[in-house]
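Residue-level listing of the chains:
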Amino acid sequence: MKNLILIIGLITCITFSSCNSEKSNKIDMVIYTIEIPHDWKKITIQGIDSNVAAILTKSGDTIISDYGKYSEKFDETNKVFSKAQISKYKRLGMDTKNLFFSDCPEIDQAQGTFLNEYYMYEVIDNYNVKFRISKKDNEGITGISVDSLFKTNNRLTIYSKNLNKIEKDLLINALYTVKFHKN
C-alpha cells in the first residue's frame, strides 16, 4: 500500500511540475515557500501561540499552516480489541458500538488499519516529512508534519480536512514543492 501511495504521489508530482508556470504561484508562507495553483490564495489568520497562515482553495476549503511548539504531530492510533474482549465487554453491558476489533488486534493497531488516513514518510527539501493522506475523498485529513524543524522544538504542520479528490491531489502535489527557509 505504501508503494502504491508513493507511485501515485510521484506521478502526480511529475504531472504537476510539468505544468506551465502560469498555472501555479510560488507564495511565501514565512517559514517556507510553496507552489500552489493560480486560483488558490494566501489568506491571513491569527494564531495564539504559533505562526499560523492559510491558503484558500478554489472551492473554498482552507489549508492551515501551523508552525510552533504545539502543532499537530499526526500520531493518531485507534485501540483495536480482540473479538474475545469485545464479547466480554458486551456481556458486562458495555457499549461496544464505537470499538474496533479483529482477529489480529496488535497487527491491525500497529498498521493503522482502522484509521481514516494513510501515513508515509518522505524527504522534502532535506527534511523528513510525515505525510497524512485521507483514504476517502471528502473525508479525513491530508497534509504533512515536520518535527523539530530547523533543529528547534517547533513543528510545522500543513493540512486540510475533507478535500475533494482534485483538491486533495493538488495539495499533495503542492506539498512536494515546499522549500524551507533556513534559519
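Residues numbered from 1 in each chain as written. Predicted model: local features only at pLDDT ≥ 70, side-chain atom pairs only at ≥ 80, totals over all residues. Heavy atoms only, no water.

A. Examining the sheet that holds strand β9 (residues 127-134) more closely. Taken together, seven strands build an open sheet; the order of strands is β3-β4-β5-β11-β10-β9-β8 and the sheet is antiparallel. If you trace the sheet from one side to the other, it starts and ends with β3 (41-43) and β8 (117-124), each paired once. On average, adjacent strands in this sheet sit at an angle of 20° to one another, irrespective of strand direction. As paired elements, strand β4 (residues 51-56) and strand β5 (residues 62-68) share six bridges and run antiparallel to each other. Bridge pairing in β5 places L56 opposite T62. (Pairing = 2+ DSSP bridges. Helix = DSSP H or I, 4+ residues; strand = E, 2+ residues; numbered from the N terminus. Axes fitted to C-alpha atoms, helices over the stretch in contact; angles between N-to-C directions.)

B. Here's a closer look at the pairing of β9. By the criterion of burial, β9 is predominantly enclosed, with seven of the eight residues buried. Pairing of β8 with β9, which is carried by eight bridges, proceeds in the antiparallel orientation. By the bridge assignment, E117 is partnered in β9 with S134. In sequence, β8 turns back onto β9 through a hairpin of two residues, with D125 there showing a positive phi of about 50°. (Buried < 20%, exposed > 50% of the residue type's maximum accessible area, 1.4 Å probe, protein only.)

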